[in-house]
Structures are given as C-alpha cells and as structure tokens.
There are 2 protein chains.
Amino acid sequence: MVILGIDPGLATLGWGVIEAQPGRQRLIEYGCILTTPNQRFPERLKQIGEEMRALLQRFRPEEIAFEELFFAKNVTTALNVGAARGVSIAACAEYTDQLYEYTPMQVKQAIVGWGGAEKKQIQQMVKMLLHMEEIAKPDDAADAIAIALTHAAAGMARGQFRMK
Amino acid sequence: MVILGIDPGLATLGWGVIEAQPGRQRLIEYGCILTTPNQRFPERLKQIGEEMRALLQRFRPEEIAFEELFFAKNVTTALNVGAARGVSIAACAEYTDQLYEYTPMQVKQAIVGWGGAEKKQIQQMVKMLLHMEEIAKPDDAADAIAIALTHAAAGMARGQFRMK
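Since the model is a prediction, treat every value here as computed from it, not as a measurement.

1. A short note on the sheet that holds strand E4 (residues 63–67) of chain B
All names here are of chain B. If you trace the five strands from one edge of the open sheet to the other, you get E3-E2-E1-E4-E5, paired in mixed fashion. Sheet topology places strand E3 (24–34) and strand E5 (99–102) at the edges, where each strand pairs with a single neighbour. Strand-to-strand twist in this sheet, taken as the mean axis angle between neighbours without regard to direction, amounts to 20 degrees. Relative to E4, strand E1 (residues 2–7) runs parallel, the two sharing four bridges. Bridging from a neighbouring strand, Ile-3 pairs with Glu-63 of E4. Docked against the sheet, helix H1 (residues 41–59) engages E1, strand E2 (12–21), E3 and E4, running at close to 155 degrees with respect to E3.

2. Notes on the state of the cysteines
All names here are of chain B. Counted by the stated rule, this structure contains zero disulfides over all chains. With no disulfide of its own, Cys-92 lies 15 Å from the sulfur of Cys-32, the closest cysteine sulfur. Residue Cys-92 is classed as buried on the basis of its relative accessible area of 0%.

3. Section: the interface of chain B and chain A
Contact residues are listed per partner, giving 28 residues for chain B and 27 residues for chain A. With both chains or domains summed, chain B and chain A bury close to 2,400 Å², and 67% of this area falls on carbon and sulfur atoms. In this assembly, chain B and chain A are joined by two salt bridges. Salt-bridge contacts for Arg53(A) lead to Glu94(B); the nearest nitrogen and oxygen are separated by 2.7 Å. Where chain B meets chain A, there are six residue pairs in polar contact (both at pLDDT 80 or more). Broken down by secondary-structure element, the contributors of at least two residues to the side of chain B that touches chain A are H1 and helix H2 (75–93) of chain B.

4. Remarks on the relation of the copies chain B and chain A
In this arrangement, two copies of a chain are superimposed by a rotation about an axis accompanied by a shift along the axis. The two copies are related by a screw motion: chain B maps onto chain A through a turn of 180 degrees and a shift of 0.0 Å along the axis, at an RMSD of 0.0 Å. This pairing of chains is accounted for by a two-fold axis. In this assembly the copies share their binding face: 96% of the residues contributing to the interface of chain B also contribute to that of chain A.

Rules behind the numbers
- In every chain, residue numbers begin from 1 and rise along the written sequence.
- The naming scheme follows written order: chains are lettered A onward, ligands numbered 1 onward.
- Whole-chain, interface and lining totals are the exception, using all residues; otherwise, since this is a predicted model, local features are given only for residues with pLDDT of at least 70 and side-chain atom pairs are given and counted only at 80 or more.
- Processing note: side-chain calculations cover all non-hydrogen atoms of the structure and skip hydrogens and water entirely.
- The criterion for strand pairing is that DSSP finds at least two bridges linking the strands in question.
- Working definition: helices are DSSP H or I runs of at least four residues, strands are E runs of at least two. Numbering for both runs from the N terminus.
- Working convention: axes come from line fits to C-alpha atoms, limited for helices to the stretch in contact. Angles between N-to-C directions cover 0 to 180 degrees.
- When checking whether two residues touch, look at their non-hydrogen atoms; a contact exists if any pair is within 4.5 Å.
- Here, two cysteine sulfur atoms that lie within 2.5 Å of each other are counted as a disulfide.
- With a 1.4 Å probe rolled over the protein chains alone, any residue whose accessible area is under 20% of its type maximum counts as buried; one over 50% counts as exposed, and the rest are partly exposed.
- By buried area we mean the combined loss of accessible area, with a 1.4 Å probe, across both parts when two parts are placed together.
- Put simply, a salt bridge is a Lys or Arg side-chain nitrogen that is within 4 Å of an Asp or Glu carboxyl oxygen.
- In the analysis that follows, any N or O atom pair within 3.5 Å is treated as a polar contact, provided that within protein one partner can donate a hydrogen and the other can accept it, and provided that, for residues neighboring in sequence, both atoms belong to side chains.
- Alignment of copies: least-squares fit on C-alpha atoms of residues with pLDDT of at least 70 in both copies.

Quick look at the structure:
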C-alpha cells in the first residue's frame with residue numbers, strides 16, 4: 001500500500017511517500033512544497049494546491065496521513081498555517097476519503113516507542129527503518145516520512161485515526 | 001464591474017455579488033455555503049472549494065473582496081476558520097489575482113462612515129444602498145454584501161487593499 005505522509009505548513013510543507021507491506025516499509029520519495037513571503041498569500045495557497053494535486057497524480061497514494069496541528073504561536077500564525085493545511089487537505093479530499101491524522105506524540109510513540117522522544121531520535125529511527133543513507137532533509141520532509149510510517153504502524157487500528 | 005464579497009467561515013461562508021458602476025451599485029445575488037459538524041472536516045473543505053469554484057463560474061466576478069480575519073476565540077478555532085478561508089482564497093486565486101481584503105472596521109467606515117457602527121446599522125445601510133426589500137439573511141451573507149460594497153467604495157484607492 002502506498003502511503004503519503006504530510007507535515008503541513010505555509011512556507012514549507014513536507015511530504016514523504018512510502019510503500020508499506022506487512023513487516024516491511026520502503027521509501028519511495030520525499031520532498032517539500034516551498035513558498036516564500038515574497039509571494040502574495042493567495043499565490044502561496046494556489047501553489048500549495050497545485051503541487052499537492054501533482055503529488056497525488058504522481059504517486060497515487062491509497063491512504064494519506066497528516067500531522068495533526070493543535071498548536072500555534074498565536075491566532076495570526078494559526079490562521080495562516082490553518083489556511084495552508086486546509087488547502088492541502090481539500091486537495092487530498094478531492095482525490096480520496098482515506099485521510100488520517102496523528103499527533104506529534106503519536107508519531108514519537110509509533111517510531112521510537114516513547115512519546116517524549118526527541119526529533120533527532122525519530123529521524124535516526126526513520127533512517128534505519130527505511131535503510132536510508134542520510135537523515136532526510138529538511139526536518140519537515142523527515143517529519144512527513146515519520147507520519148507515513150506511523151500510519152503504516154497503526155495497521156488494523158488505523159480506523160481510529162481517521163480525520164474527523 | 002462585478003464584485004464578489006466573501007465573509008469566510010467553516011460552517012457558514014457568506015457571499016454577495018454586486019454590479020458596481022460609478023455612483024451606482026446593484027445587488028445581483030447573495031447566499032451562503034453551509035457545512036455541518038456532521039460532515040468530516042476534509043469533506044467540509046472539499047465542499048467549500050467546489051461551491052466556491054461554481055460561484056466563480058456562475059458570476060464571473062472581476063474583483064473579489066474578503067473580510068480580513070485577525071481574530072479567533074482560540075488557536076483551534078483559528079486553525080479551522082483559517083482552513084476554510086484558505087480553501088476559498090485558493091479557489092479564487094486559481095480564477096483571478098484580483099483579490100482584496102478589508103477589516104470589519106474598514107467595512108463599517110465605508111458603509112456607515114464610522115468604525116464603531118453596529119452590525120444592525122451596517123445591514124440597514126446595505127439594504128438602503130441596494131434598494132433591498134429586506135435585510136439580507138443570514139448575517140454572514142449580509143456581511144459579504146457589505147464587503148463587496150466596501151470594495152466598490154474604495155474606488156481608485158483599492159490598490160492598497162490588495163491581499164498581500
């Protein structure tokens with residue numbers, strides 16, 4: 001099963017695609033959708049939507065896992081990050097209803113086995129699990145791969161992580 | 001010039017279309033995009049995107065004015081409202097780059113001439129300016145019409161209200 005993991009953001013949206021089979025996961029590809037403050041806000045959102053749709057057509061994921069956001073520095077940041085997240089969710093929802101989400105703590109627990117794990121430990125485990133030569137860069141892409149792996153690990157229990 | 005005004009929201013997104021000519025504005029139509037908490041979040045966002053695109057094709061607005069959000073009860077609300085706003089902005093950005101935004105205070109100032117005006121006064125003025133028989137319902141639709149009128153009133157100065 002092809003799983004797309006997404007760590008949503010306005011400036012950097014990380015994505016990672018894995019192929020998950022019972023007991024074995026293979027990395028297909030990862031990357032980021034990048035926008036800059038030089039672009040107008042509507043232009044940034046439009047770009048995120050277009051690149052998301054291109055990713056979906058390219059990798060044809062059967063299930064998509066998002067990082068669940070519940071924190072932001074302030075309301076203004078939340079409105080902007082929420083917009084980028086909304087655009088990427090809407091693009092995915094037009095493609096499939098198999099959308100799931102995991103909190104950062106659930107990702108830590110699934111990958112390292114401990115909810116208090118540090119980012120570096122997650123990245124090392126992701127590298128090991130997928131037989132990668134280097135840790136994925138940037139962090140947002142590494143996080144996205146970790147989210148896809150978390151979804152694979154959820155297995156039969158994944159129904160409870162369906163996006164509400 | 002056909003102007004589309006939008007008061008974005010997740011449960012209720014108000015919209016109003018006016019035809020603006022120098023010194024004269026005519027109401028074309030108004031309404032709401034409604035979603036419910038019974039729907040999953042991705043389904044709600046998808047619906048907002050689809051209905052927005054249908055509105056754009058139906059009314060072919062030359063310029064689009066949004067209410068600028070900068071307030072929300074809390075970060076969670078901001079993430080959800082921001083998502084709905086993001087999806088509607090992205091749909092508009094795929095259609096045109098003529099996107100503008102106005103704060104509630106700018107709307108009050110433009111319509112009633114006083115930034116501290118009450119919602120009821122705005123709605124009465126909108127009704128009068130557009131020769132409507134009744135105040136537009138619900139409030140979100142009335143607000144959207146007021147935003148479109150505010151954009152019409154901005155005239156040559158509207159460049160400064162371009163969405164950044």
